[in-house]
Each structure stands twice: as structure tokens, then as C-alpha cells.
Amino acid sequence: MRPALAAWLALSLLLGTGAQEACGDPPAARSQSVAAPQLSPEEQLSPHMPESLRCDACQAIAFQIEEQLSRAEQKVGRKALKESDYMEVLERSCSQGWERLSKMCHGYVGERGEAQVYEAHRRGPAALRELLCGGDKGPCARGKAGAAPAKARQNEL
């Protein structure tokens, strides 16, 4: 039986048949799409970020800042950056031509200060997101529109 199987496999490979006939066509790749949020005409023309998107926008900004600062640190061997270097990276991160996000980014960095933003980055991505987006008045504060839902608490005894 083994020689017959080997011969069939060899012929199938040479002739280019067999696997597709035996197994069928490969499964089609799944595609996913996400629809853009529906903005009112006023929101479309406004230079400001709609309230419902501010938390997501802030987290996108935090991600971009984290990425840019991490790349800059990799170039110097994962050491802490000099003040002039991280200020340049933050300016470049916020000036990527994102229109609304650029204004928000400059606002967040300006409100907190470049040194505080960089210190939060050094503590990790969660610390940076908390500094920029969290807190009582941040765009992701509980109870605000567009804010991430609070995690359910476990029953405590």
C-alpha cells in the first residue's frame, strides 16, 4: 500500500493535481471592515473632535507618542533621552498632519508638560495613557460620552 500511496503523491505533485481535488479549494480569506463613525454636518466642518470620539482619539495620540519615543530610545540604545531629544520627538509626534488630532496632541502635551509626558512614557504605555486620557477630567473619564466603560467589580465579602 505504501508504494501505491507514494506513487500517487509523486504523480499528483508532478501533474499539479490531487491536493486540490482531495482537499478542495483553500478557504477564502475573511475580510473585516469597520465603518467610520457617522458625523453630523456640523461635526464634519468643525475643527474640534466630537465628544463621542475624544477618548479613542486620546488613546490614538498616546499610542503614537509611545511609538515615536520608543523608536527614539532604540536609536540611543534604550537609554533615557536628553530633554532636547524628547522635546523634538514630542513635537514631531504631534505635528504629523492629523488635523484635529494634531491640535489635541499639542494641547495634551502642553497641559501636562513635556517632562511629565516623557516620565509617564518611561513608566510604560499604561502610565502614558492614564496621564493623557485618564483622571477625573480626562477624555476617558468614567461617565463621559465615548469613554471606555468601567470594568465590572467582582463581589467583595
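Scroll up to find the structure.
Residues numbered from 1 in each chain as written. Predicted model: local features only at pLDDT ≥ 70, side-chain atom pairs only at ≥ 80, totals over all residues. Heavy atoms only, no water.

Caption draft 1: Spatial organisation of the nonpolar core. Counting residues in each nonpolar core, the largest one holds 27 residues, and the members touching the most others are I65, L69, L90, V117 and L132. At the level of elements, α4 (54–75), α5 (83–94), α6 (100–112), α7 (114–123) and α8 (125–133) are the ones that each hand at least two residues to this core. The leading source of residues in this core is α4, at eight residues. With sequence-adjacent residues up to four places away left out, L90 is seen in contact with I65, L69, V109, E114 and V117. (Core = buried A, V, L, I, M, F, W, Y, C linked by side-chain atoms within 4.5 Å. Buried < 20%, exposed > 50% of the residue type's maximum accessible area, 1.4 Å probe, protein only. Helix = DSSP H or I, 4+ residues; strand = E, 2+ residues; numbered from the N terminus. Contact = heavy atoms within 4.5 Å.)

Caption draft 2: Focus on α6. Between its terminal C-alpha atoms α6 stretches 19 Å, which fits the 18 Å expected from 13 residues at 1.5 Å a residue. Among the residues of α6, those classed as buried are R100, S102, M104, C105, Y108, V109 and R112. Turning to α6, the residues buried within the fold contact α3 (41–45), α4, α5, α7 and α8. Where α6 terminates, the next one or two residues include G113, which has phi positive at roughly 95 degrees. (Expected span 1.5 Å × (residues − 1).)

Caption draft 3: Broad picture of α8. For α8, the complete set of buried residues consists of A127, L128, L131, L132 and C133. Its buried side turned inward, α8 meets α4, α6 and α7. Just beyond α8, the residue with positive phi is G135, at close to 80 degrees.

Caption draft 4: View of the packing of α4 against α7. Look at α4 against α7: their axes get within 11 Å of each other, and the N-to-C directions meet at 80 degrees. Comparing the axis directions of α4 and α7 gives the class roughly perpendicular. Taking contact as the criterion, the partners of I65, E66, L69, S70 and E73 in α4 are, on α7, V117, Y118, H121 and R122. The residue makeup of the contact of α4 with α7, split by class, is four nonpolar, two polar and three charged. (Axes fitted to C-alpha atoms, helices over the stretch in contact; angles between N-to-C directions. Parallel < 35°, antiparallel > 145°, perpendicular 65-115°, else oblique. Nonpolar A, V, L, I, M, F, W, Y, C, P; charged D, E, K, R; others polar.)

Caption draft 5: Region of interest: the pattern of salt bridges. Summed over the entire model, instances satisfying the criterion amount to five salt bridges. Among the salt bridges present, the one from R92 reaches E88, with a minimum N-O distance of 3.6 Å. A residue pair is termed a helical-turn pair when its members lie 3 or 4 positions apart in one helix, as R92 and E88 do in helix α5 at four residues. By relative accessible area, which is 47% here, E88 ends up partly exposed. In this structure, E111 engages R112 in a salt bridge whose closest nitrogen and oxygen atoms are separated by 2.8 Å. (Salt bridge = Lys/Arg side-chain N within 4 Å of Asp/Glu carboxyl O.)

Caption draft 6: The arrangement of the state of the cysteines in detail. Scanning all chains against the criterion turns up three disulfides. Two residues, C55 and C140, share a disulfide whose sulfurs are 2.0 Å apart. Between C55 and C140, the disulfide has an S-S torsion of 105 degrees and is therefore right-handed. Taken together, the positions of C55 in helix α4 and C140 in the segment after α8 put the pair 85 residues apart, joining distant regions of the chain. No difference in accessibility class separates C55 from C140, as the two residues are buried. Disulfide pairing places C94 opposite C105 at an S-S distance of 1.9 Å. Handedness here is read from the sign of the S-S torsion; for C94 and C105, about -60 degrees, the answer is left-handed. Pair noted here: C94 is in helix α5 and C105 is in helix α6, with a separation of eleven residues, a long-range link. Relative accessible area serves as the criterion here: at 0%, C105 is assigned to the buried category. Looking at the protein, its bonded cysteines, counted consecutively from the start of the sequence, adopt the pairing 1-6, 2-5, 3-4. (Disulfide = S-S within 2.5 Å.)

Take it as geometry only, folks, not as evidence of what the structure does.
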